[in-house]
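Chain by chain, the residues:
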There are 4 protein chains.
Amino acid sequence: MSEHTVQYYETDKMGVTHHSNYIRWMEEARVEFLKKIGWDYAKLEELGIVSPVLSVACEYKIPTYFSEQILIDVKITDYKGVKLSLAYEMKNEKGEVVCTGTSKHAFLNTQGRPVRMKQEYPAFDETLRSLLSS
Amino acid sequence: MSEHTVQYYETDKMGVTHHSNYIRWMEEARVEFLKKIGWDYAKLEELGIVSPVLSVACEYKIPTYFSEQILIDVKITDYKGVKLSLAYEMKNEKGEVVCTGTSKHAFLNTQGRPVRMKQEYPAFDETLRSLLSS
Amino acid sequence: MSEHTVQYYETDKMGVTHHSNYIRWMEEARVEFLKKIGWDYAKLEELGIVSPVLSVACEYKIPTYFSEQILIDVKITDYKGVKLSLAYEMKNEKGEVVCTGTSKHAFLNTQGRPVRMKQEYPAFDETLRSLLSS
Amino acid sequence: MSEHTVQYYETDKMGVTHHSNYIRWMEEARVEFLKKIGWDYAKLEELGIVSPVLSVACEYKIPTYFSEQILIDVKITDYKGVKLSLAYEMKNEKGEVVCTGTSKHAFLNTQGRPVRMKQEYPAFDETLRSLLSS
């Protein structure tokens, strides 16, 4: 569970959070999620693993406003050793779901080739499999 | 067809365009598209129509780099009088598809109620229907 | 004292935080500062006070990196009843000053006219004067 | 002279361009300026020159609005072989000055050491000196 306070610079002339920022909040939540499960970006980069975003999607349910606190929940929805699919649920302070999203990621080595996760990073592979929502 | 030059401030530490910016380029292309078909945002706002984003999705095919020129093509993929679905295709200078995306929009009046497009804005309604890709 | 964690989307292709983000962090710190002294933005807006930015300046001392925690200190450096001048000092986790900045603000009513702070909001005026660094 | 159209995502809840974006527009104008004088970023990076921002400052004169076209003029105000100082003037379509700014830059090699411009890149050094506003 990650937390984001809506910043003034994230609002637009409609008076609400600009929709592009939710994509950034998904990244914030993903970064924290990986940190919590013991595989933060710094560690991945040291190991020479880069994890580009293959796709994102976002459904906007309820507008959010300057200074609101948003809670972001991250779940692994698919992982078979090559690609990682995540789902996000964002709630405002009233507990209303304001936005849901998904993202898909690859794991590449510094030459841009897919990492064989199970063989090369069995512990990371195991962690991801164990967290896959059933 | 809209054009965007990748800015230095749009890159990230991976050396490529940060994925959140494509969502913004879709907005840029959408704004230009509405202008070209004679119904720009200024006109819509004067009429008291707001058009919130209901959802976005983006598939990243090929990274883009600082100072590259990106061409963005917009198409109407669905419109039956209430919601508008758009599809985007972005190409780099070599003509490669770097990203495809979609977005969905509502048309609301200033009270936040759906606009009855056909009855209230028949000319706009007609234009959107005529541009629906078949 | 306000805190900001450098986000991945705030880095650029040089591998460091893009310089434009520090201007945003100054806003974050300013928003928290006003909240702490009991005059948050929500309260000001309710009272019909808007506080546009008249100028900003920023000196970059040391680069900052993804996932670093930055502490931001805000001080009032000038206030005589019309304009508010603030100074910012940002430190990384080692306690090094990474950036210093300043900003200047007006207080306007909803008609865009300067608010006579002392007469109309004596309590706010008093608070600002009392916090003026001597 | 560089041009920028205010984007929807650059506005904030006050209905105007968020002040942090002008810092980005200064970068856009700087990038174009260096390109026009024959020393674009790509060329500098090939030569192993990086040019970090040492400081920026911005004075906001008149708000700007979504879809306005802003013209940005760049001038060299100081250059003696080590640091480059630039000044920016931004005008709206009515020709009003909306914002003025300054920025200061160093030229470093890939080891982070100052480049001896006159000795190592005499042609670039000469160009910068010749454009220094007198």
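Rules used in this analysis
- Residues numbered from 1 in each chain as written.
- Chains lettered and ligands numbered in written order.
- Predicted model: local features only at pLDDT ≥ 70, side-chain atom pairs only at ≥ 80, totals over all residues.
- Helix = DSSP H or I, 4+ residues; strand = E, 2+ residues; numbered from the N terminus.
- Contact = placed C-beta atoms within 7 Å.
- Pairing = 2+ DSSP bridges.
- Axes fitted to C-alpha atoms, helices over the stretch in contact; angles between N-to-C directions.
- Nonpolar A, V, L, I, M, F, W, Y, C, P; charged D, E, K, R; others polar.
- Least-squares fit on C-alpha atoms with pLDDT ≥ 70 in both.
- Parallel < 35°, antiparallel > 145°, perpendicular 65-115°, else oblique.
- Buried ≥ 20, exposed ≤ 12 C-beta atoms within 10 Å, placed from the backbone.

## Quick word on the overall build of chain A
The helix and strand tally for chain A stands at four helices and five strands. Reading the helices (α) and strands (β) of chain A from amino to carboxyl end gives β-α-α-β-β-β-β-α-α. With the C-alpha coordinates aligned to their principal axes, the bounding extent of chain A is approximately 50 × 30 × 20 Å. Counting only contacts in chain A whose residues sit at least 6 apart along the sequence, the fraction spanning at least 24 positions is 63%.

## Focus: the sheet that holds strand 4 (residues 83–91) of chain A
In a beta sheet, neighbouring strands are held together by backbone hydrogen bonds and run either parallel or antiparallel to one another. Pairing in this open sheet of ten strands is antiparallel, and the strands run 1(A)-3(A)-4(A)-5(A)-2(A)-2(B)-5(B)-4(B)-3(B)-1(B) from one edge to the other. Every other strand in the sheet has two partners, leaving strand 1 (2–5) of chain A together with strand 1 (2–5) of chain B as the edge strands with one partner each. The sheet shows a mean angle of 20° between the axes of neighbouring strands, direction not considered. Where strand 1 of chain A and strand 3 (residues 69–79) of chain A come together, four bridges link them in antiparallel fashion. Within strand 3 of chain A, the residue paired with T5 of chain A across the bridge is Q69 of chain A. Packing against the sheet, helix 1 (residues 20–36) of chain A makes contact with strand 1, strand 2 (53–60), strand 3, strand 4 and strand 5 (97–106) of chain A, and its axis sits at approximately 70° to strand 3 of chain A.

## Observations regarding the interface of chain D and chain C
Across the contact, 14 residues belong to chain D and 14 residues belong to chain C. Taken together, the elements giving at least two residues each to the side of chain D that touches chain C come down to helix 1 (20–36) and strand 2 (53–60) of chain D. Sort the elements by how many residues they give to the side of chain D that touches chain C and strand 2 of chain D lands first, with eight residues. Partitioned by chemical class, the residues of the side of chain D that touches chain C number nine nonpolar, three polar and two charged. In terms of strand pairing, strand 2 (residues 53–60) of chain C meets strand 2 of chain D through five bridges, oriented antiparallel. Residue pairing for strand 2 of chain D: A57 of chain C is matched across the bridge by A57 of chain D.

## Comments concerning the environment of Y121 of chain D
Its location among the elements puts Y121 of chain D in the loop between helix 3 (117–120) and helix 4 (122–131). Each C-alpha atom, one on Y121 of chain D and one on E89 of chain D, is 28 Å from the other, the two residues being 32 residues apart in sequence.

## A closer look at the relation of the copies chain A and chain B
The operation relating chain A to chain B is a screw motion whose rotation component is 180°, with 0.0 Å of axial translation and a residual RMSD of 0.0 Å. What we have between these two chains is a two-fold relation. In terms of proximity to the rotation axis, the leading residue of chain A is A57 of chain A, whose C-alpha is 2.0 Å off the axis. By residue overlap, the copies meet face to face through one surface: 100% of the interface positions of chain A are interface positions in chain B.

## Observations regarding the sheet that holds strand 4 (residues 83–91) of chain D
Strand order across the open sheet formed by ten strands is 1(C)-3(C)-4(C)-5(C)-2(C)-2(D)-5(D)-4(D)-3(D)-1(D), with antiparallel pairing between neighbours. What marks the edges here is a single partner per strand, and that holds for strand 1 (2–5) of chain C together with strand 1 (2–5) of chain D. Neighbour to neighbour, the strand axes of the sheet diverge by 20° on average, direction disregarded. Here helix 1 (residues 20–36) of chain C sits on the sheet and contacts strand 1, strand 2, strand 3 (69–79), strand 4 (83–91) and strand 5 (97–106) of chain C; the angle it forms with strand 3 of chain C, its principal contact strand, is near 70°.

## Quick notes on the interface of chain A and chain B
On the side of chain B, 14 residues touch chain A, which itself brings 14 residues to the contact. Contributing elements (two or more residues each) for the side of chain A that touches chain B: helix 1 and strand 2 of chain A. It is strand 2 of chain A that provides the largest number of residues to the side of chain A that touches chain B, a total of eight residues. Residue classes in the side of chain A that touches chain B are distributed as nine nonpolar, three polar and two charged.

## Examining the environment of F66 of chain C
Within the secondary structure, F66 of chain C sits in the loop between strand 2 and strand 3. For the pair F66 of chain C and E93 of chain C, spaced 27 residues apart in the sequence, the C-alpha separation amounts to 13 Å. In this view, F66 of chain C contacts Y41 of chain A, K13 of chain B together with V6, Y8 and T11 of chain C; residues no more than four positions away in its chain are not counted.

## So, the packing of helix 1 of chain A against helix 1 (residues 20–36) of chain B
Think of two packed helices as two axes; the pair is described by the angle between the axes and how far apart they sit. The N-to-C vectors of helix 1 of chain A and helix 1 of chain B enclose an angle of 170°; their axes lie 8 Å apart at closest approach. Taken together, helix 1 of chain A and helix 1 of chain B sit at an angle that is classed as roughly antiparallel. For the pair formed by helix 1 of chain A and helix 1 of chain B, the contact residues are S20, I23 and R24 of chain A on the first element and S20, I23 and R24 of chain B on the second. Looking at the contact of helix 1 of chain A with helix 1 of chain B residue by residue, the classes come out as two nonpolar, two polar and two charged.

## As for unusual backbone geometry
Of note in this structure, S67 of chain A is not a glycine but carries a positive phi near 80°. Mapping S67 of chain A onto the fold places it in the loop between strand 2 and strand 3.

## Brief notes about the pairing of strand 4 of chain A
Residues and elements named next belong to chain A. Judged by which residues are buried, strand 4 turns out to be one-sided: L84, L86, Y88 and M90 face inward and are buried, whereas K83, S85, A87, E89 and K91, on the alternate face, are not. Bridge analysis of strand 3 against strand 4 gives eight bridges, and the strand direction is antiparallel. For V74, the partnering residue across the bridge sits in strand 4 and is Y88. What sits between strand 3 and strand 4 in their antiparallel hairpin is a turn of three residues, with G81 showing a positive phi close to 115°. Of the pairings in the sheet, the one linking strand 4 to strand 5 comprises nine bridges and is antiparallel in character. For E89, the partnering residue across the bridge sits in strand 5 and is T100. The turn linking strand 4 back onto strand 5 is made up of five residues, and G95 within it adopts a positive phi angle of 90°.

## Some thoughts on the environment of R24 of chain D
When you line up the elements, R24 of chain D lands in helix 1. Expressed as a C-alpha distance, the spacing of R24 of chain D and V115 of chain D, which sit 91 residues apart in the sequence, is 25 Å.

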